[in-house]
Amino acid sequence: MAELRSPTEFHDTIVILDYGSQTTQLIARRIREVQIYCELFPWDTPAERVMALRPRGFILSGGPASVYEPGAPTLPAYVLESRRPILGICYGMQLLAHALGGRVTPAPQREYGPTRVELSHPTPLLAPLADQPQVWMSHGDRVEVMPPGFAVLACSPNSPIAAMGDPQRLLYGVQFHPEVVHTPAGGEILRRFATEICGCAPTWTPAAFIEETVASIRCRVGDGMILCALSGGVDSVVTAALVHRAVGDRLTCIFVNTGLMRRGEPEQVVRTFRDQLGMPLIAVDATEEFLAALEGVTDPEEKRRIVGEKFIRVFEREAARVGRVDFLAQGTLYPDVIESAAPDRPGARRIKTHHNVGGLPERMQLRLIEPLRYLFKDEVRAVGEALGLPPGVVWRQPFPGPGLAVRVVGAVTWERLERLRAADAILQEELGRAGLLRTTQQAFAVLLPVRSVGVMGDSRSYEEVVALRVVTTEDFMTADWARLDPDLLALLSHRIVNEVAGVNRVVYDITSKPPATIEWE
Ligand code: XMP
């Protein structure tokens, strides 16, 4: 068998067609949260590929275009011909109206942000809006005339047709975005669409996923040998744990300690794998090699390139000692799969070269096993919990492949790495104590190549600056800085300056993404 089996073989499936909205992935996450499987495709994906999933219903996402513009994305004929239920969201609703003979025009006033809707016509799909009428709008066009057979289901001050439906044909449209948190009833509306209108059974659970995936890995691998590059992050750990459950000791994990991890992390990986999970683990300490390669390098992209390349070298060398290997297990997630399927965006600029192990399988001529390729990060965590992995691993915040090399701004030396590790450990400890490690999505310290004057006791000091970065985000594409309590910030600054030698000033990063990125380099 070529690939692991698709979840669509086991679960009722909703297909989301993507028209380019920033929030399309959130639609998929909301549907998955209610234990219904869904997949997302660019709107112009060939019909055979989409229909091969035997979708029970379609959701058409929002998007930036106007339906009446020449060359605007269209509603493919097979979607209507399938006679499955359809829910159009924003542009998706306008498209449905346009395709079925209604009329869409520019709204006299753009509607952006929160508004309230009023139900015009009772319908089970939108009934949750009766108690929670707040919705999130973001549109310049609106449906002016509905297609034949449709009724107005809700209206807002700027959209006389804020929702419409044809209950006979099970076709619905909402002008607002049910997928965002600012539409409190939105999750329930999407659940009702998937279960009550499309008839999907809520079977997409971590336990079902584990059972199906373990069986599928066994079938694919036969008596083959598997290798896994373990970074210590939740994706590679859950991948390894799933594969281990399927094939036991025919899996070998290789963990490369780059010397660029946070305090205590290399030890924790070894403890968790060897001691707690009893899995074969080759741990290589390549600190010296990485530091030598990075010596004198200050350019961020150069650091990223060096760490990525070095990692592949070390990994290949260790893998060669394992003996026969047939497969490489890799923690690719669904957002990566979606992004690689999306049409190239002309003019998109590379901001950072991400370091990951994507190049390994071709170089080593190994076949790939990607058990997480249909999962979002929150689903990976749920699977990790269901597998009984330690909470410290399951809830570990993301950590970039190049590690602290891109958080020690300027030259990377052992002394500066240790300084950063000490400051970062204080941040992690205090955020953990304040219960903020799950409510903020990424928190770390950055060591700046800037020295400033201070006064410690009666003496002058001239030492480095630590910046603290704590952000909240849903998808890491955009992020906001966390509004930490000033008393907590004071405690962090006090502890870092007093406990970390070589640092006499602490600053807090109050820049959102965009315009800043999350990491400093
Ligand atoms: P930026 O800094 O681009 O980061 O806003 C977005 C998210 O990606 C993480 N990041 C990386 N992850 N390899 C990774 O696997 C990398 O090279 C890398 N660089 C940044 C970053 O920590 C944040 O979560």
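Residues numbered from 1 in each chain as written. Predicted model: local features only at pLDDT ≥ 70, side-chain atom pairs only at ≥ 80, totals over all residues. Heavy atoms only, no water.

Let's talk about unusual backbone geometry
Trans peptide bonds make up the majority, and among non-glycine residues the majority have a negative phi.
Item 1. The step from Lys513 to Pro514 runs through a cis peptide bond, and the omega angle for that step is -15 degrees.
Item 2. Mapped onto the elements, Pro514 comes out in the segment after strand 19 (503-508).
Item 3. Here the amide bond leading from Pro514 into Pro515 is cis, since omega sits at 10 degrees, within 30 degrees of zero.
Item 4. Here Pro515 lies in the segment after strand 19. (Helix = DSSP H or I, 4+ residues; strand = E, 2+ residues; numbered from the N terminus.)

Observations concerning the packing of helix 9 (residues 287-294) against helix 10 (residues 300-320)
Item 1. At a closest axis distance of 10 Å, the pairing of helix 9 and helix 10 adopts a crossing angle of 145 degrees. The handedness of the crossing between helix 9 and helix 10 is right-handed. Along the contact surface, helix 9 presents Glu289, Phe290, Ala293 and Leu294, while helix 10 presents Lys303, Ile306, Val307, Lys310, Phe311, Val314 and Arg317.
Item 2. Here the contact of helix 9 with helix 10 is built from residues that sort into seven nonpolar, no polar and four charged. (Axes fitted to C-alpha atoms, helices over the stretch in contact; angles between N-to-C directions. Left-handed = near helix turned anticlockwise from the far one by under 90°. Contact = heavy atoms within 4.5 Å. Nonpolar A, V, L, I, M, F, W, Y, C, P; charged D, E, K, R; others polar.)

Examining the sheet that holds strand 13 (residues 281-285)
Item 1. In spatial order, the strands read 13-12-11-14-15; together these five strands make up an open sheet with parallel pairing. Each of the sheet's edge strands pairs with one partner strand only, and the pair in question is strand 13 and strand 15 (367-369). The sheet shows a mean angle of 25 degrees between the axes of neighbouring strands, direction not considered.
Item 2. By the bridge criterion, three bridges tie strand 14 (residues 327-329) to strand 15 in an arrangement that is parallel. Across the sheet, the residue bridging to Leu328 is Leu368, located in strand 15.
Item 3. Sitting on the sheet, helix 7 (residues 234-247) is in contact with strand 11 (226-230), strand 12 (251-257), strand 14 and strand 15, with an inclination near 155 degrees to strand 11. (Pairing = 2+ DSSP bridges.)

Considerations on the site of the ligand
Item 1. Taken together, 13 residues are adjacent to the ligand, and Lys352, Gln442, Lys513, Ile518 and Glu519 come closest.
Item 2. Here an oxygen atom of the ligand and a side-chain polar atom of Lys513 are 2.7 Å apart.
Item 3. Glu519 places a polar side-chain atom, nitrogen or oxygen, 2.5 Å from an oxygen atom of the ligand.
Item 4. Here the ligand has 500 Å² of accessible area as a free molecule, and 84% of this is covered by the chains.
Item 5. Grouping the constituent residues of the shell around the ligand by class yields four nonpolar, five polar and four charged. (Near = heavy atom within 4 Å. Polar contact = N/O pair within 3.5 Å; in protein donor to acceptor, adjacent residues only side chain to side chain. Areas by Shrake-Rupley, 256 points an atom, 1.4 Å probe, with all protein chains shown as cover.)

Description of the nonpolar core
Item 1. Counting residues in hydrophobic clusters, the biggest one holds 48 residues, and the most contacted among them are Leu260, Phe290, Phe315, Val466, Leu468, Val470 and Ile496.
Item 2. If we skip the residues at most four places from it in the chain, Phe315 touches Leu227, Cys228, Ala229, Ile254, Leu328, Leu360 and Met364.
Item 3. With 40 residues, the next largest nonpolar core counts Cys228, Ala241, Ile369 and Leu387 among its residues. (Core = buried A, V, L, I, M, F, W, Y, C linked by side-chain atoms within 4.5 Å. Buried < 20%, exposed > 50% of the residue type's maximum accessible area, 1.4 Å probe, protein only.)

Notes on the sheet that holds strand 6 (residues 118-119)
Item 1. Read across the open sheet, the eight strands follow the order 2-1-3-4-10-9-8-6; overall the sheet is mixed. Of all the strands in the sheet, just strand 2 (37-42) and strand 6 have a single pairing partner and so form its edges.
Item 2. When strand 3 (residues 57-60) meets strand 4 (residues 86-89), the two strands line up parallel, connected through three bridges. Each residue of the ladder has a partner; that of Phe58, found in strand 4, is Ile86.
Item 3. Sitting on the sheet, helix 4 (residues 91-99) touches strand 3, strand 4, strand 9 (159-166) and strand 10 (171-174), and the angle it makes with strand 4 is about 120 degrees.

Side note on helix 8 (residues 265-276)
Item 1. When we look at burial in helix 8, the residues that qualify are Glu265, Pro266, Val269, Thr272 and Phe273. The arc that holds every buried residue of helix 8, seen down its axis, measures 135 degrees, which confines them to one face. Residues Asp275 and Gln276 are exposed on helix 8 and point more than 90 degrees away from its buried face.
Item 2. Structurally, helix 8 contributes buried residues whose contacts are with strand 11, helix 7, strand 12, strand 13 and helix 14 (391-394).
Item 3. Gly278 occupies a position one or two residues after helix 8 and carries a positive phi of about 60 degrees. (Arc of directions from axis to C-beta.)

With respect to the side chain of Arg142
Item 1. Examined against the element boundaries, Arg142 turns out to sit in strand 7 (residues 134-145).
Item 2. Within the local environment of Arg142, its side chain forms a polar contact with the backbone oxygen of Asn158, the two atoms lying 2.8 Å apart.
Item 3. When sequence neighbours within four positions are dropped, the list of residues in contact with Arg142 reads Gln94, Arg103, Val104, Thr105, Ala107, Pro108, Asn158, Pro160 and Gln175.

Thoughts on the pattern of salt bridges
Item 1. What the rule picks out here adds up to 37 salt bridges.
Item 2. Residue Arg191 pairs with Glu196 through a salt bridge whose shortest N-O separation is 3.6 Å.
Item 3. With a shortest N-O distance of 2.9 Å, Asp326 and Arg324 are connected by a salt bridge. (Salt bridge = Lys/Arg side-chain N within 4 Å of Asp/Glu carboxyl O.)

A short note on the environment of Leu484
Item 1. For Leu484, the location among the structural elements is in the loop between strand 18 (480-481) and helix 16 (486-499).
Item 2. Here the alpha-carbon distance between Leu484 and Tyr508, two residues 24 residues apart in the chain, equals 9.7 Å.
Item 3. When near neighbours in sequence (up to four residues on either side) are disregarded, Leu484 contacts Leu431, Leu436, Val470, Leu489 and Tyr508.

Re the packing of helix 6 (residues 206-221) against helix 13 (residues 377-386)
Item 1. Two numbers describe how helix 6 lies on helix 13: the axes approach to 9 Å, and their chain directions differ by 80 degrees. When the axes of helix 6 and helix 13 are compared, the pair comes out roughly perpendicular. Facing helix 6, whose interface residues are Pro206, Phe209 and Ile210, helix 13 presents Ala382, Val383 and Ala386. (Parallel < 35°, antiparallel > 145°, perpendicular 65-115°, else oblique.)

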